[in-house]
Amino acid sequence: MTEKPKVRVRFAPSPTGYLHIGNLRSALFSYLYARHTQGSFILRIEDTDRARLVEDAVDYVKENLLWLGLNWDEGIEKGGEHGPYVQSERLNLYAEHAEALVEQGKAYRDYTSSQRLEGLRQHAQKAKQPFKFTKDMAQLEPDHKDDPFVIRFEIKPGPNVIWNDAVWGEQTWKRKVLDDFVALKSDGFPTYNFAVVVDDHLMEISHVLRGQEFLSTTPKNILVYEAFDWQIPQFVHLPPVLGPDKSKLSKRHGAKSALEYRDAGYLSEAVFNYLASLGFNDGTTQEIYTPAELAKVFNLGRIQASPAIFDPDRLDWMNGVHIRQMTTKQLLVRSAEFWPPEAKKFDEAYRLKVLELIKERLKYFAEIPELTSFFFTDPKLNIKPDSQPMLLKVVNKLEDSDFSEKDLENRLRALVAAEDLKTGQVFGIIRLAVTGKTAAPGLFETLHVLGKETSLRRLRHAAGA
RNA sequence: GGUCCCAUCGUCUAGGGGUUAGGACACCAGGUUUUCAUCCUGGCAACCGGGGUUCGAAUCCCCGUGGGAUCACCA
């Protein structure tokens with residue numbers, strides 16, 4: 001009996017500023033798998049591209065993950081036994097490993113200038129040949145001492161590269177389509193394809209969950225693992241999340257980061273639920289899950305291979321369901337920042353009653369001001385003069401009411417009956433006078449919550465009294 | 001263009017040699033109701049095309065078509 005090795009997965013974004021929903025879903029799946037297997041979820045920063053570095057991007061990534069509840073067990077800030085967790089702080093490691101490959105004849109220094117490289121590339125393009133860099137094209141010796149060089153990983157002839165992807169099944173790549181890629185750049189930084197292997201190995205990553213765009217670089221990664229005689233992790237390539245036009249989701253689609261959903265007043269658990277449903281399902285007809293439930297049912301084998309289109313309508317629906325599942329008290333706490341400034345003049349008990357009334361028509365918290373404004377400030381008057389006599393009768397009828405919902409209902413229905421009018425008509429006029437809206441929560445509840453003083457004041461005002 | 005991959009309602013998806021192809025969102029209709037919403041009921045709506053294998057194909061195979069990814073000293 002050998003003990004199963006611990007599952008260790010990582011999310012390794014590069015701090016280039018923008019973290020879209022598709023990236024975040026990769027993080028989510030990694031997190032889910034770690035939780036499902038009681039493994040570790042690690043956050044590593046891949047900042048080897050100095051040109052694209054964006055300030056504060058790391059904070060932005062952290063904020064996104066934290067908001068969604070994707071807490072990492074190990075990584076930046078948290079620390080751990082496999083640090084540092086920022087690639088720019090591991091430069092010596094990559095250099096050592098690249099050097100070792102050179103010594104073993106598995107990689108070589110290349111002094112080819114960028115100009116010559118560009119020329120080579122253009123030449124191939126003119127000849128309509130795919131450009132593929134091989135060792136015989138390389139300049140193995142410097143023209144001058146101290147000329148800059150890169151270290152290229154050499155693809156030697158050999159059998160096809162075969163691996164089994166958890167999502168895509170068995171993959172076979174011919175070596176001859178691979179070219180001698182740069183492992184260490186002339187600035188001393190590693191390239192992604194080299195650093196990712198060194199780090200994943202050193203950090204003992206067991207499963208590599210990443211976007212499908214990395215599928216075609218996997219053979220290169222595998223060859224590096226083999227060159228070092230390292231154990232190859234399980235690869236799990238995730239399908240992309242697409243925009244409504246079926247192209248990859250991007251800023252262009254108004255694609256939002258998690259933070260933008262937070263700012264619009266979406267519940268993180270709803271976004272969590274929705275994101276997980278894009279490319280994963282457990283085979284049942286259940287739609288609504290808590291994060292903990294998802295961690296329980298999540299498994300690699302049920303990840304979809306085909307892309308998913310992001311559907312904002314479905315997210316809205318799902319958020320509404322999560323909202324309605326929450327107690328009003330919880331909801332009040334969660335929505336605290338979204339209430340209009342006027343609401344602060346009222347106590348919590350009152351806001352709680354208001355929330356109770358709008359809860360079932362709330363899709364996200366940003367709608368709160370629009371839905372609740374009349375509970376805090378008198379609405380603009382927009383009553384037709386010919387309905388004013390009716391409102392006067394309403395005022396008279398309610399003047400000695402105790403304003404309980406029951407009493408309000410009895411009196412108002414009695415009035416409608418006495419006047420021989422349609423309920424909807426009369427209630428509609430009252431609603432408009434009191435709320436300024438044609439669509440609002442139930443009339444009796446609204447009047448009750450508003451209270452006698454406010455209700456009668458608005459009614460008298462609307463009646464022109 | 002080379003390489004690799006994907007393909008069930010408009011969308012997220014279940015299923016998978018014999019099913020009335022299931023659920024959910026959206027949409028439409030009806031019910032409840034004082035409006036809106038919630039809720040309930042019902043409806044519309046799908047196996048990309050063509051061959052093959054088979055008694056039988058949406059399901060397996062092949063070829064098309066469509067879509068995607070990738071071909072950097074980016075990740």
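Residues numbered from 1 in each chain as written. Chains lettered and ligands numbered in written order. Predicted model: local features only at pLDDT ≥ 70, side-chain atom pairs only at ≥ 80, totals over all residues.

Caption draft 1: Structural view of the protein's contact with RNA strand B. Taken together, 60 residues lie near RNA strand B, and Glu46, Tyr192, Ser306, Arg361 and Gly442 sit nearest. Listing elements by their share of the surface near RNA strand B, those giving two or more residues are α4 (114–126), β7 (169–173), β12 (308–309), α10 (312–325), α16 (423–435) and α17 (443–450). At four residues, the largest contribution of residues to the surface near RNA strand B is made by α16. Residues that form the surface near RNA strand B fall into these classes: 24 nonpolar, 22 polar and 14 charged. (Near = placed C-beta within 6 Å. Helix = DSSP H or I, 4+ residues; strand = E, 2+ residues; numbered from the N terminus. Nonpolar A, V, L, I, M, F, W, Y, C, P; charged D, E, K, R; others polar.)

Caption draft 2: The arrangement of helix α2 (residues 57–68) in detail. With 12 residues, α2 should reach 16 Å at 1.5 Å per residue; the first-to-last C-alpha distance of 17 Å fits that figure. Of the positions making up α2, those classed as buried are Val61, Asn64, Leu65 and Leu68. Relative to the axis of α2, the buried residues are bounded by an arc of 90 degrees and lie together on one face. Where α2 is buried, its residues touch α1 (21–36), α7 (258–263) and α8 (268–277). Where α2 ends, the next residue or the one after it, Gly69, has phi of about 85 degrees, a positive value. (Expected span 1.5 Å × (residues − 1). Buried ≥ 20, exposed ≤ 12 C-beta atoms within 10 Å, placed from the backbone. Arc of directions from axis to C-beta. Contact = placed C-beta atoms within 7 Å.)

Caption draft 3: A look at the confidence of the model for chain A. Scored by pLDDT, chain A has a mean of 92; 98% of the residues are at 70 or more. Predicted as a complex, the structure gets a pTM of 0.92 and an ipTM equal to 0.93. (pLDDT = per-residue confidence, 0-100.)

Caption draft 4: Representation of the pairing of β7. Across the five residues that make up β7, only a small minority, zero, are buried. Judged from the five bridges that link them, strand β6 (residues 161–165) and β7 form a sheet pairing that is antiparallel. When the bridges of β7 are listed, Val161 appears paired with Trp173. Joining the antiparallel neighbours β6 and β7 is a turn of three residues. (Pairing = 2+ DSSP bridges.)

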